[in-house]
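Residue-level structural notes
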Amino acid sequence: MTERRRSTIPAYVVLALVALLVILPFLFMLSTSLKPPSEVYEIPFRWIPRHPTLRNYGKALTEVNLARGTWNTLLIALPATFGGLLTASFAGFAFAKLRFPGRDALFAALLATMMLPGILMLIPQFVMFAKIGWVDTYLPLIVPGALGTAMATFMMRQFFKSIPDEIIEAATLDGASPFQTFTRVVFPLARPALVTLGVFGLKAAWNDYFGPLVYISSPEKMTIQQMIASTQNAYGGEPAVLMAGSALAMLPLVVLFLFAQRYFVEGIATTGLK
Amino acid sequence: MVTPRFKGEAAWAYAFIAPPFVGFLVFALLPMLASFALSFTRYDILSPPELVGLDNYRDLFTSDYFVGRTLVNTAFYMLGVPLGMAVALAIATLLDRIARFRGFFRTVYFIPSVCSIVALALLWKLIYRGDYGLLNTLLVRLGIHDPPSWIADPRLVKPSLVFMGIWTNLGYTTVIFLAALQSVPRQLLEAAELDGAGAWQRFRHVVFPAISPTTFFVSVTGTIAALQNFDQVYVMTRGGPAYASATYMLYVYVSGFQYFEMGYASAMAWLLAIVVLVVTWLQFRLAKHWVFDD
Amino acid sequence: MARVVFEHVGKQYGGGVPVVRDLSLTIENEELLVLVGPSGCGKSTALRMIAGLEGITRGSLFIDDDRVNDTPPKDRDVAMVFQSYALYPHMTCFENMAFALQLRRMPKSEVRARVDAAAKTLAIEHLLERRPKELSGGQRQRVAIGRAIVREPRVFLMDEPLSNLDAKLRSSMRAEIKRLHRELAATIVYVTHDQTEAMTLGDRIAVMRSGDLQQCDTPAAVYERPANAFVAAFIGLPPMNLVPGESRGGIVSVAGGQVRLRWAALRHPHRDGSHAMPGAEGDREVLVGVRPEHLTLDRGFEQNGDARGVVFTGTLELAETTGADTFLHLTTDAGPIVARLSGHTPPRPGERVRVRADVANIHLFDRTTEERLL
């Protein structure tokens, strides 16, 4: 026992060093974001600002308008995520528990779409959305996800598969229709899976940069990621504002992660969600 | 004949699966077919597409210098996949051995994985800055004068980006490996120990085979993601300096959405898709020799 | 309550082997009928056909006078108790039991009254606000039965409801189900693979094998007059000894012995109802069956094979004592034989032992058709 304990000390040292390496950039960001302009370029770098200020955060929220960006992002992330949860749950339930002709073939087709590199769809999707006037609206960023992606459907199906058939049959004999079986029995049971999938959906939508970059061009419609990316040009000379903006863009997800950590870890560990 | 358990069970089912299928048809299948068709045209959205046969593909393979250049760059970024996996597996192994603070370390390591690439890219851009960047001020303090200006240096920009990429994904990969390691049956390890296997032999002959499906999963998904690397490079360097960091995906984006060469960009997309499929296929072929799935 | 009638019912998937073949069976009103057989015999499928969870390929299924082949489960008015209990994990016991009634838009007060009444019958009133995972296996089983009772269905279906319980609980729940059956005057179809459960519970038991009904009769009749060698071996523990033999001119011989049968006398029913089947006396290859408890130690060494019965001589391999009984495992020329003796001090392993069965206790089956001859 004592031998084993001694042998783990180097492990703790290495792990602590790695933790420091992970944390240091964030501390640097935090420190910089709290500095007045006069202190930003000081060499050597001072970890604790002499005159800490929130002015950079104020600037990021108002001048850069991250408050607006946050709202815009939520306008995309919430309907895309929750719509997707609902549709994927229905579809996942049908694939897992209902019997209908062509079920396995249709499911295989859906799985196959997961294998297709997204880049193939990129150009024609843009052309299509341009033709129907959806470019520079949020619809291209909401609708495909809200209809239920193959990945989300697959995940929900896997979850529903784990509910014993007998529970569904009991509901059938109790007189529930498929819709009632879904809403009263299956959906309430799916809460852990829904939270996991929802957390990852929100994360993906919040962090999405490529999608808005392609589709959103009006400055007032931009998402938070677009806005902080564009601060580079307008505020390139003010790293403190850049860091304040980045910190604000990270904060909601870091908080979400700290509270819903279990779901993140389980989602990744069991299914490799990203 | 299948007697339905519900009245109209099949009809309910079709209604339930309709949304994803509409999405699949409209947003995946049709675009894919259209992409194939577009790749044989010259098309700028404003004027109708003009059929040009195999011209796009010919240009892609013969005259376009950037295709080769960006593909080579992309291949370089793929080095980050095995490197990141090795580091993550090492850390996960340590985490698996310790008794306390495992959750704390895991939480810390995972934080970068929930942050947006854009924010991290801005942060690392500042860290890598030649003049007052964090990295160089630390190096100067350690007595290294005249440190390089990392991402402004064509020779160092790619390794710098790879390092940042490993840093970003470390927590995600570690969590996956840790879960795999924790599911290796303890009796198996104890049996190996009783058989006289040392630590390395236990890892080599017991642990590694047991986690090989996970290793395979991480390498396949990581490679596919690396082949489509875009956000990080776009925000940090826009492909510079002198195209030294430009990825193929960045080039597709520029062709399609800055020059509006939709036909050409489609052909480029097909080339990348085929590369992705071939690389994935190769990984599956190789997997037969080292992945133990049961 | 109701009658359930299978009329030439068959079921197969695609072109595969039928799961149920030409099943004709009537479950009488207020009867507890046990469907028993080894796994894969079609008993669960038959039960699920009544529930409407499995389609019917051929024939007709009636509940009372309604042909229900195409009636969806919820309109059949049957309730089922599942092996895994299949309680809704997110609902309390009350909600579990009330769910079906709520779906039928029954007034709240009546739901309450019915659930309370069922809970009282099952002595689970104190559990109503708990969730299934807070209950023991036996309590869950009661709730599952309660969920069926509140429905007041025409037929109760029970699919191996006790097989997830430990042995002690199983026997007390068996008694409980028997009591409920009496109190509710319910029609119950009960599926099990456990022949003891079938024997103790059923008003009648229906033995199935490979999709075919082998025999349906009272437990005593099935035990005493098994319709074929399969039923003979399946019902009874330890199973009936079956050894190959020959029947020629009224003499039945097995390796190491023979017995003379008076066919003329056997044609008339014995007091337990057993008698020779028509045409049984013809010469043929047979299986001779003797239940372990009908074998007695034979200390004498008179000539093998006399009118009194059949004798097996063999080496004792093993003697197992359960307390009340001793089981002797013998290796004889005719094959392995198990004898059940009560209160005997057993011979020692390795000794030569003779056991004898009275002619009245001998079963005879045709070796090719496995049908009962005697």
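Here the residue numbering is sequential within each chain, running from 1 through the sequence in written order. Here every chain gets a letter starting at A, and every ligand a number starting at 1, in the order they are written. A pLDDT threshold of at least 70 governs which residues receive local features in this predicted model, and a stricter bar of 80 or more applies before side-chain atom pairs are shown or counted, although totals over entire chains, interfaces and linings include all residues. Only hydrogens and water are set aside when side-chain values are computed; all heavy atoms of the structure are taken into account.

As a working rule, side chains carrying opposite charge can pair if their charged atoms are close by. Whenever a carboxyl oxygen of Asp or Glu lies within 4 Å of a side-chain nitrogen of Lys or Arg, that contact is scored as a salt bridge. The full count for this structure, using the stated rule, is 34 salt bridges over all chains. For the salt bridge of R155 of chain B with D153 of chain B, the shortest nitrogen-to-oxygen distance reads 3.3 Å. Exposure classes here rest on a 1.4 Å probe applied to the protein chains alone. A residue is buried below 20% of its type maximum, exposed above 50%, and partly exposed in between. Relative accessible area serves as the criterion here: at 69%, R155 of chain B is assigned to the exposed category. Owing to a relative accessible area of 12%, D153 of chain B belongs among the buried residues under this scheme. Across the pair E246 of chain C and R248 of chain C runs a salt bridge whose closest N-O atoms are separated by 3.5 Å. Taking the relative accessible area as the measure of exposure, R248 of chain C reaches 41% and is therefore partly exposed. Through salt bridges with shared partners, a single network forms among E169 of chain A together with K11, R48 and E54 of chain C.

Here we take up the interface of chain B and chain A. Any two residues whose heavy atoms approach within 4.5 Å at even a single point are treated as in contact. Counting residues at the interface gives 93 residues for chain B and 96 residues for chain A. As used here, buried area is the combined drop in accessible area, with a 1.4 Å probe, of two parts when they are placed together. Between chain B and chain A, roughly 8300 Å² of surface is buried when both sides are summed, and carbon and sulfur atoms account for 79% of that area. Polar contacts, as counted here, are pairs of nitrogen or oxygen atoms within 3.5 Å of one another; within protein the pair requires one atom able to donate a hydrogen and one able to accept it, and residues that are adjacent in sequence qualify only if both atoms are side-chain atoms. There are 17 residue pairs in polar contact (both at pLDDT 80 or more) connecting chain B and chain A. At 21 residues, the largest contribution of residues to the side of chain B that touches chain A is made by helix α1 (residues 9–38) of chain B. Any residue that is not Ala, Val, Leu, Ile, Met, Phe, Trp, Tyr, Cys, Pro, Asp, Glu, Lys or Arg is counted as polar, Gly included; the first ten are nonpolar and the last four charged. For the side of chain B that touches chain A, the per-class residue count stands at 70 nonpolar, 12 polar and 11 charged. Every helix listed is a DSSP run of H or I at least four residues long, and every strand listed is a run of E at least two residues long, numbered separately from the N terminus.

Further remarks concern the packing of aromatic side chains. Pairing of aromatic side chains requires ring centres within 6.5 Å, counting the rings of Phe and Tyr and the six-membered ring of Trp. Pairs whose planes differ by under 30 degrees are stacked, by over 60 edge-to-face, and all others tilted. Within this structure, the stated rule accounts for 57 aromatic pairs over all chains. Taken together, a centroid distance of 5.8 Å and an interplanar angle of 25° make the contact between W200 of chain B and F203 of chain B stacked. Of this pair, W200 of chain B and F203 of chain B both sit in helix α10 (residues 199–227), 3 residues apart, which is roughly one turn of that helix. Within the aromatic cluster, the residues linked to one another by ring pairs are F126, F129, W134, Y209, F210 and Y215 of chain A together with F27, F230, Y234, Y253 and F257 of chain B. The lysine or arginine in question, R238 of chain B, covers the ring of Y234 of chain B, its NZ or CZ lying 4.1 Å from the ring centre. Criterion for a charge above a ring: Lys NZ or Arg CZ within 6 Å of the ring centre, and within 35 degrees of the ring normal.

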